[in-house]
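Commentary on secondary and tertiary structure
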Amino acid sequence: MNAMTRRVVIGTAAVSMALAMTACGKAGDDDDKGSGGDTKTIGLLLPENKTTRYETFDRPFMEAKIKELCSDCKVKYNNAAQDIETQKKQFDALVTQGIKVIILDAVDYKSTKSWVKQADKQGVKVVAYDRLAEGPLAAYVSYDNEKIGRLQGGAMVKALGSKAGDANVVMLNGSPTDPNAPFFKKGAHSVLDKKVKKIAYEQDIPDWSPEEASRKMSSAIDKLGKDGIQGVYAANDTMAGAAITALKGRGIKVPVGGQDAELAGVQRLLGGTQDYTIYKQIKPEAETTAEIAVRLLQGKDIDALADRKVDSLSGDVKGIPAKLYDAQAITKNQVADTIIKDKVYKASEICTAQYKKACDAAGIK
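In this text, all values refer to a predicted model and were calculated from it rather than measured experimentally.

Moving on, we get to the nonpolar core. Core analysis: the biggest nonpolar cluster contains 86 residues, and Ile103, Met217, Val232 and Ile339 have the highest contact counts within it. With eight residues, helix H10 (residues 282-297) is the single largest residue contributor to this core. Counting residues in each nonpolar core, the second largest holds 23 residues, with Leu94, Val95, Trp115 and Val310 among its members.

Along its 13 residues, helix H3 (residues 84-96) runs 18 Å from first to last C-alpha, staying within 8% of the 18 Å computed at 1.5 Å per residue. Residues of H3 that are buried include every one of Gln87, Gln90, Phe91, Leu94 and Val95, and no others. Looking down the long axis of H3, one finds its buried residues gathered within 135° of arc, a one-sided arrangement. Opposite its buried face, H3 presents the exposed residues Lys89 and Thr96, each directed more than 90 degrees away. Buried positions along H3 lie against strand S1 (38-46), strand S2 (74-79), strand S3 (99-104), helix H4 (112-121) and strand S4 (125-129). Between the side-chain oxygen at the start of H3 and the backbone nitrogen of Glu85 there is a gap of 3.2 Å, and the oxygen is on Asp83.

Tallying each qualifying case throughout the model produces 22 salt bridges. A salt bridge links Lys147 to Asp326; the shortest N-O distance between them is 3.4 Å. Taken as a pair, Lys147 in helix H5 (residues 145-160) and Asp326 in the loop between strand S12 (320-325) and strand S13 (328-330) lie far apart in primary sequence, 179 residues in all. The partner of Lys280 in a salt bridge is Asp260, with the nearest N and O atoms 3.2 Å apart. Placement of the pair is Lys280 in the loop between strand S10 (277-279) and H10 and Asp260 in the loop between strand S9 (256-257) and helix H9 (263-271), with a sequence separation of 20 residues. We note that Lys280, like Asp260, is buried. Salt bridges here are not isolated pairs; linked through shared partners, they connect Arg53, Asp58, Asp130 and Glu285.

Let us now look at helix H6 (residues 181-195). With 15 residues, H6 ought to run about 21 Å at 1.5 Å a step, and its terminal C-alpha atoms sit 21 Å apart, in line with that. Within H6, the axis deviates most sharply at His189, by approximately 30°. Buried within H6 are the following residues: Ala181, Phe184, Gly187, Ala188, His189, Val191 and Leu192. Contacts from the buried residues of H6 go to H5, strand S6 (168-173), strand S7 (198-204) and strand S8 (231-234).

Scoring rules and cut-offs
- Residues numbered from 1 in each chain as written.
- Predicted model: local features only at pLDDT ≥ 70, side-chain atom pairs only at ≥ 80, totals over all residues.
- Heavy atoms only, no water.
- Core = buried A, V, L, I, M, F, W, Y, C linked by side-chain atoms within 4.5 Å.
- Buried < 20%, exposed > 50% of the residue type's maximum accessible area, 1.4 Å probe, protein only.
- Helix = DSSP H or I, 4+ residues; strand = E, 2+ residues; numbered from the N terminus.
- Expected span 1.5 Å × (residues − 1).
- Arc of directions from axis to C-beta.
- Contact = heavy atoms within 4.5 Å.
- Polar contact = N/O pair within 3.5 Å; in protein donor to acceptor, adjacent residues only side chain to side chain.
- Salt bridge = Lys/Arg side-chain N within 4 Å of Asp/Glu carboxyl O.
- Bend = angle between axes of the 7 residues up to and from the residue.

Next up, the structure:
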């Protein structure tokens, strides 16, 4: 659930042009660093591995696209496992090694300001991926996250149906350190506040932790009672799964929705325990980011790829080149036409023995 970059000026025009010309140069120039830095390596820093999407989709999509666009380019990859200091060390190490383009999906967007500023002074271009980092970014690629929140809220209202107006809804929001989380929450509130009886219990969940989501879900049940909850908004599928398990343990069945179309979430859709998820096409997001990174490495223009401008959340940096993708809310009825059609997962991966009957009913073979 619940996902860039920094802009940099390289010394002199002559050095800048030299770097651009050698960015995808001859194979054998692997040590072509010199004073200009590493002109054939792109740094890739992802924030965590609790959410399956990063290792399963984001990383391989980006690495493959970079290799396609620049056959002798390399990717130096690290995952911070949700630790800010770990990510800072990973980022600093890339800068020290002379790497001039870094794709950064920040653990804590506020912490990045000083890193990105320092990197910028050393001619490093930072591309913010999925989550808008602070600092002088070269580009940002993500989704329209407030719109995603509205899609989540609308899907919850639809799942509640005629009972929406009398419904008490529990909200388990994303991590406070994720800059996307407030937009998901704002978008969801803009719909739910008008359509349901009330938000009866609401918590932000640090690090998108499913364990914490489960504890908060149990607290909500203790506070509101078995009959006091009519729906649960979870900001991503991992937390939705945790909430569903907690609800089931207390004998409660109400609409629950998430985000990210994770494999387990899709299976829950088909099995009838989760009502909706948000399907975001990760491949175009990842591949656009990869192409922007390669172009920056080569000193090329990115205007055709980043077709809008955004400001940092602090307001300190204005006009960051950005590309924001749309998403869609899906139920079990849309799995065949989205997840299967786009080859996110194979039918064989989804339709294990436990879900074979549900897959047949949904037209998934």
